[in-house]
Amino acid sequence: MEVKIESSWKKVLKEEFEKEYFKNLSAKVRQAYLTDSIFPPPPLVFNAFNLCPFDKVKVVIIGQDPYHGRGQAHGLCFSVNDGVAVPPSLKNIYKEIKSDLGIDVPASGNLERWAKQGVLLLNATLTVKEATAGAHQGWGWEEFTDATIKKISDEKEGVVFMLWGRYAQNKSALIDESKHLILKAPHPSPLSAYSGWFGSKHFSQANTYLESHGKEPIDW
């Protein structure tokens, strides 16, 4: 089966695309797009990969599910299209960046500029049904994105993994902490942001680590 994904990822994840679970997942997702309103649009399912090639990955941020409101999701976790209201969690991410680095809060919630600098904005599940959070969890996406995280851990060095909330933090089992920096904090959602998200200073910590490994810091 031909998967339309950026060439370096196609090579790195070749074995996954050939596995039975991925073939079943592809068939199920393809059918869902034919019968339901599914987000993001088909060309943007692998947007996080297409904007951030494997060899460019410096930071990995892990989300859970795409936004399920019309016009929001475009394949990058926490990010929304230009012109879409900035979601509450992303507002809190921006507030923490302002507090941590003094960077003014942007008007747009589009994080493509992060992706193009080497930030892989990876949702654990890459598709969702409109107005139905978690609709495609358990379909096989998690197996695919876990394999992605493990490939980055195994084949790269000096990557920063930002794990926000318990769901993302459970992914630390896939990451070799002797080769990478793992930063953990509560989820930036308004429900948990005041229990340790604010003041976590992940963005300055990430840049300090990247620079100490001879890499360009991220312009957050």
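Residues numbered from 1 in each chain as written. Predicted model: local features only at pLDDT ≥ 70, side-chain atom pairs only at ≥ 80, totals over all residues. Heavy atoms only, no water.

Pairing within the open sheet is parallel, and its 4 strands lie in the order 3-2-5-6. Both edges of this open sheet fall to strand 3 (119-123) and strand 6 (181-185), since each of them pairs with a single strand only. Averaged over all neighbouring strand pairs, the angle between strand axes comes to 20°, with direction disregarded. Looking at chain direction, strand 2 (residues 59-63) and strand 3 are connected through 5 bridges and run parallel. Bridge assignment links Gly63 to a residue of strand 3, and that residue is Asn123. In the packing of helix 7 (residues 141-155) onto the sheet, the strands contacted are strand 2, strand 3 and strand 5 (160-164), and the crossing angle to strand 3 comes to about 155°. Contacting strand 2, strand 5 and strand 6, helix 9 (residues 202-212) runs over the sheet at an angle of about 165° to strand 5. (Pairing = 2+ DSSP bridges. Helix = DSSP H or I, 4+ residues; strand = E, 2+ residues; numbered from the N terminus. Axes fitted to C-alpha atoms, helices over the stretch in contact; angles between N-to-C directions. Contact = heavy atoms within 4.5 Å.)

Moving on: the packing of aromatic side chains. One pass over the structure, following the stated rule, counts 20 aromatic pairs. Geometrically, the ring pair formed by Trp9 and Phe54 is edge-to-face, given 5.2 Å between the ring centres and 80° between the ring planes. You can see Trp9 sitting in helix 1 (residues 7-12) and its partner Phe54 sitting in the loop between helix 4 (47-51) and strand 2, a full 45 residues away along the chain. Across the pair, exposure class does not vary: Trp9 and Phe54 are buried alike. Aromatic pair Tyr21 and Phe22: ring centres 6.2 Å apart, planes at 85°, arrangement edge-to-face. The class of Tyr21 is buried, set by a relative accessible area of 13%. In this structure Phe22 comes out as buried when scored by relative accessible area, which is 2%. An aromatic cluster is present here, built from Trp9, Phe17, Tyr21, Phe22, Phe46, Phe49, Phe54, Trp141 and Phe144 joined pairwise through their rings. Taking NZ or CZ as reference, Lys156 lies 5.1 Å from the ring centre of Phe54, over its face. (Phe/Tyr/Trp six-rings, centres within 6.5 Å; stacked < 30°, edge-to-face > 60°. Buried < 20%, exposed > 50% of the residue type's maximum accessible area, 1.4 Å probe, protein only. Lys NZ or Arg CZ within 6 Å of the ring centre and 35° of its normal.)

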